[in-house]
Amino acid sequence: MSAPLLDIQGLNIAMRLARGGRLPIVNDLSLTLQAGDTVGIVGESGSGKSLLSLAVMGLLPPAAVVSGRILFEGRDLLSLDDDGMSEIRGRRIGMIFQEPMTALNPAMTVGDQIAEGLVRHEKLSWNAARDRAVELLDRVRIPDPKARASAYPHQMSGGQRQRVGIAIAVAMRPALMIADEPTTALDVTVQAEVLEILDDLCQRESMALMLISHDLGVIARMCARTLVLYAGRRMEEGATRAVLTGPLNPYTKGLLRAVPRRRADDGPLETIPGSVPGFARLPAGCVFSDRCLDVVAACQAGEPAWTSPLPGRGVRCIRAGEEVSA
Amino acid sequence: MKTPLIDIRRLTRDYAGGGLFAKPSLTRALDDLTMTVEAGTIHGIVGESGCGKSTLARILMALDKPTSGDVLFDGEPLFQLSPKDLMRKRRDFQMVFQDPFGSLDPRQRVARIVAEPLHVLEVKPSRQEKRDRVMALLEAVGLTAAQADRFPHEFSGGQRQRIAIARALITEPKLVVADEAVSALDLSVQAQVLNLITRLKRERGVTFLFITHNLAVVDAVADQVGVMYRGRLVESGPARAVFERPLHPYTQVLAEAEPSVTKFGRPPRAEPKTSQPLKAEPGQGCAFLPRCRLASPRCASEVPALRSVLPGRQAACHHAETMLAEEP
């Protein structure tokens, strides 16, 4: 097998605190992506999913302390200097953000914002780059792309702005696209269109996709594999269909039960008790043990190891074995 | 027949647009909207951004006035009341907003935030009475009395939304308008807040107008639902029936576009339209026409009125019967 496109091994991210000391956030995170892979990162607020994407982009805040490895196309991103990282960022790794209005420059036409990267990285002339920008706007299905290239972000709808964001991110034909909640701010019908555009681009360019979302439905639509994060830990990983139809970790099970749906008996909706703890107040042992319905005394004794009870599946739960044999 | 709690009659709201140098234009945010909300129910309103659902909320809260039409609240026309009477009426309707971080004053303690709406009451409760009511409500929404003296930043998103709900309930309102009240919450706490809303309806008889773009959420808690498109109500009926069997093509489009944990991979592509899309003249015909799979020439010339298609079910579509005849 060829070397993976992205190989994250034993990633730890901690934040340096102003009053001294460090607060660990991401713990022992490993993830491998081959070219063309689509993986969904599921997590609620405070799961560390956005820090993970920032780490891959080399955009962690200065207070972050990182250890582990992030190998991308064979190079360790964590040891690259700023110049080396900015060669990769935007060019080999594209990124789409949640809020297209704040991610775009309000004082520059969208055509120029798409062309900018082409001028910088591919050394195209501004004229040639602007022509490419129009092609790209057409690819993300903006009607009348030639005229729209000279529009400013505020003149576009949210869905159109997010398409511009995608056009900017794919302009350089990146090998990996990181999309952090790309459709959360959009209406469902617009969301469906944006997801389809993204899906087309992945397939046509065999671009790998790391999609970060709290919406399990969006992950089911887009990703072949899913990684579930909670409080900075991997809780479960596997093929999306397998994880969503046969979850092994109680947290994944709880999330799936909490998806709102009408109850036949009009009884209350199922919930996960409590709320996501802050990183400073994690329970002892398994980080989910204070909310887990299947908790036993041993859960609090120590943090469960990452195990692989089934081929292609990974899980962090001492009781996952019972689940598999049942 | 019982008087509905809210009786919205031919509500229209135009906003003047156009810049300093641009041609003045009118945007019709609400277009001849008629609907009723029964007391003690959860009434969902769904639709995409720009459909007028937030304008509707603002008008029901009497924060904005309609261009024409009126709202009968408990039988009284809201926009014909004197300012003093309107002020008195305000205790009967309260609102919960989307953003639990922006809607609570960060410099006030929870007890004070929750007690704030009491200033509209004619007879102001005593300090002790105020405090008792705040404590009772905090407990009713699943918080503890000990948390009353904390500040908003000490709470998680779900807890803040509970505080906002407690604040909305302090005047014992008949109606609470919840505009995307659970959209910003994590999945694991979203269901907790939805259960709270259902419980408040059942135990206190509070009526909720639940505005959201998330059909699954409405389907899970609402008794009735109204679907809005471009300022008009295009479908209404019992939530379960509407989502099981939409009578308006737009409702169907919304339901099919919604991602689900049971739909994996790329959805089957809709059959491409062969004919040239029909276009309605401005001001004529159905607003949904350019996106509609059932579009016919009649739709381009005649605005479909909201009409009863089945008992309790209304749709504003010339082809509602076609929808009804199709295999579900």
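All values derive from a computational prediction rather than experimental measurement.

1. Side note on the sheet that holds strand S5 (residues 76–77) of chain B
Residues and elements named next belong to chain B.
Here's step 1: With respect to topology, 4 strands assemble into an open sheet ordered S2-S1-S4-S5, the strand pairing being antiparallel. Only two strands of the sheet have a single partner each, and these edge strands are strand S2 (25–37) and S5.
Here's step 2: Summarising the sheet, strand S1 (residues 6–17) and strand S4 (residues 68–73) pair through 5 bridges and their orientation is antiparallel. Residue pairing across strands places Arg9 opposite Asp70, the latter belonging to S4.

2. Side note on the domain arrangement of chain B
All names here are of chain B.
Here's step 1: Along its sequence, chain B is carved into domain 1 (6–103 + 173–244) and domain 2 (249–258 + 276–328).
Here's step 2: Between the C-alpha centres of domain 1 and domain 2 there is a distance of 23 Å.
Here's step 3: Taken together, the contact between domain 1 and domain 2 spans 17 residues of the former and 13 residues of the latter.
Here's step 4: Elements represented by at least two residues in the side of domain 1 that touches domain 2 include exactly helix H7 (215–221), strand S9 (224–229), strand S10 (232–238) and helix H8 (239–244).

3. Remarks on the UniProt feature "domain: ABC transporter" (unreviewed entry) in chain A
Here's step 1: Mapped onto this numbering, the UniProt entry annotates "domain: ABC transporter" (unreviewed entry) at residues 8–256 of chain A.
Here's step 2: The distance separating the terminal C-alpha atoms of residues 8–256 of chain A is 27 Å; by composition the span is 41% helix and 26% strand.

4. Brief notes about the sheet that holds strand S6 (residues 93–96) of chain A
All names here are of chain A.
Here's step 1: Here 7 strands make up an open sheet; going across it, the order is S6-S7-S8-S3-S9-S10-S11 and the pairing mixed. The open sheet has two free edges, formed respectively by S6 and strand S11 (314–315), since each of these has just one partner strand.
Here's step 2: Here strand S9 (residues 225–230) pairs with strand S10 (residues 233–239) via 6 bridges, running antiparallel. The partner of Tyr230 across the bridge, within S10, is Arg233.

5. Looking at the nonpolar core
Here's step 1: Grouped together as the largest cluster of nonpolar side chains are 182 residues, with contacts concentrated most on Ala167 and Leu176 of chain A together with Val114 and Val177 of chain B.
Here's step 2: For this core, the element with the highest residue contribution is helix H8 (residues 188–205) of chain A, accounting for 8 residues.
Here's step 3: A domain-level breakdown of this core finds at least three residues from each of domain 1 (6–103 + 173–244) and domain 2 (249–258 + 276–328) of chain B.
Here's step 4: Leaving out residues up to four positions away in the same chain, Val177 of chain B has contacts with Ala57, Leu60, Met61, Phe93, Met95, Leu209 and Ile211 of chain B.

6. What to know about the environment of Gln191 of chain A
Here's step 1: One can find Gln191 of chain A in helix H8.
Here's step 2: Residue classification places Gln191 of chain A among the buried positions, given that 24 C-beta atoms sit within 10 Å.
Here's step 3: Residues Gln191 of chain A and Gly159 of chain A, 32 residues apart in the sequence, show an inter-C-alpha distance of 7.6 Å.
Here's step 4: Among residues more than four places away in sequence, those in contact with Gln191 of chain A are Thr183 and Leu186 of chain A together with Ala257 of chain B.

7. Digging into the interface of chain B and chain A
Here's step 1: Every contact between the two is made by 31 residues of chain B and, on the other side, 33 residues of chain A.
Here's step 2: Those elements that provide at least two residues to the side of chain B that touches chain A are helix H6 (187–204), H7 and helix H9 (249–257) of chain B.
Here's step 3: If you tally residues by element for the side of chain B that touches chain A, the top one is H6 of chain B, at 9 residues.
Here's step 4: Taken together, the residues that form the side of chain B that touches chain A break down as 13 nonpolar, 11 polar and 7 charged.

8. Some points on the packing of helix H4 (residues 110–122) of chain A against helix H5 (residues 126–139) of chain A
Residues and elements named next belong to chain A.
Here's step 1: Relative to each other, H4 and H5 sit at 120 degrees, their axes nearing to 8 Å. Compared by their axis directions, H4 and H5 come out oblique. At the point where H4 passes H5, the crossing takes the right-handed sense. Contacts from Gly111, Ile114, Ala115, Leu118 and Val119 of H4 reach H5 at Trp126, Ala129, Arg130, Arg132, Ala133, Val134 and Leu136.
Here's step 2: Of the residues assigned to the contact of H4 with H5, the class counts are 9 nonpolar, 1 polar and 2 charged.

9. Some thoughts on the pairing of strand S4 (residues 64–72) of chain A
As a general feature of sheets, a regular strand has side chains that alternate between the two faces.
Residues and elements named next belong to chain A.
Here's step 1: As paired strands, strand S1 (residues 6–16) and S4 are joined by 8 bridges and run antiparallel to one another. In the strand pairing of S4, Ala14 is matched with Val65.
Here's step 2: Inspection of the sheet shows S4 paired to strand S5 (residues 75–76) by 2 bridges, in the antiparallel sense. For Leu71, the partnering residue across the bridge sits in S5 and is Asp76.
Here's step 3: Two successive antiparallel strands, S4 and S5, enclose a turn made up of 2 residues, where Glu73 displays a positive phi of approximately 50 degrees.

Thresholds applied
- All residue numbers refer to positions counted from 1 along the written sequence of the respective chain.
- As a convention, the first chain written is A and the first ligand written is 1, with the rest following in written order.
- At least 70 in pLDDT is required for a residue's local features to be given in this predicted model, at least 80 for side-chain atom pairs to be given and counted, and no such filter applies to totals for whole chains, interfaces and linings, which use all residues.
- What makes two strands pair is DSSP finding at least two bridges between them.
- Put simply, DSSP marks the helices as runs of H or I at least four residues long and the strands as runs of E at least two long, and each gets a number from the N terminus on.
- The split into domains, and so the bounds of each, comes from an automatic or database assignment of domains.
- We call two residues in contact whenever the C-beta atoms placed from their backbones are within 7 Å.
- UniProt positions are given in the numbering used here, feature names are shortened, and annotations may be inferred rather than shown by experiment.
- As used here, a nonpolar core is made of buried Ala, Val, Leu, Ile, Met, Phe, Trp, Tyr and Cys residues. They are joined through C-beta atoms within 7 Å.
- Exposure is read from a count of other C-beta atoms within 10 Å of each residue's own; the residue is exposed at 12 or fewer, buried at 20 or more and partly exposed in between. C-beta atoms are placed from the backbone.
- Any residue that is not Ala, Val, Leu, Ile, Met, Phe, Trp, Tyr, Cys, Pro, Asp, Glu, Lys or Arg is counted as polar, Gly included; the first ten are nonpolar and the last four charged.
- Angles shown run from 0 to 180 degrees and are taken between the N-to-C directions of axes, each axis being a line fitted to C-alpha atoms and, for helices, limited to the stretch in contact.
- Here roughly perpendicular refers to angles of 65 to 115 degrees, roughly parallel to angles under 35, roughly antiparallel to angles over 145, and oblique to all remaining angles.
- By the definition used in this description, the sense in which the near helix is turned from the far one sets the handedness, with an anticlockwise turn below a right angle giving left-handed and a clockwise turn giving right-handed.

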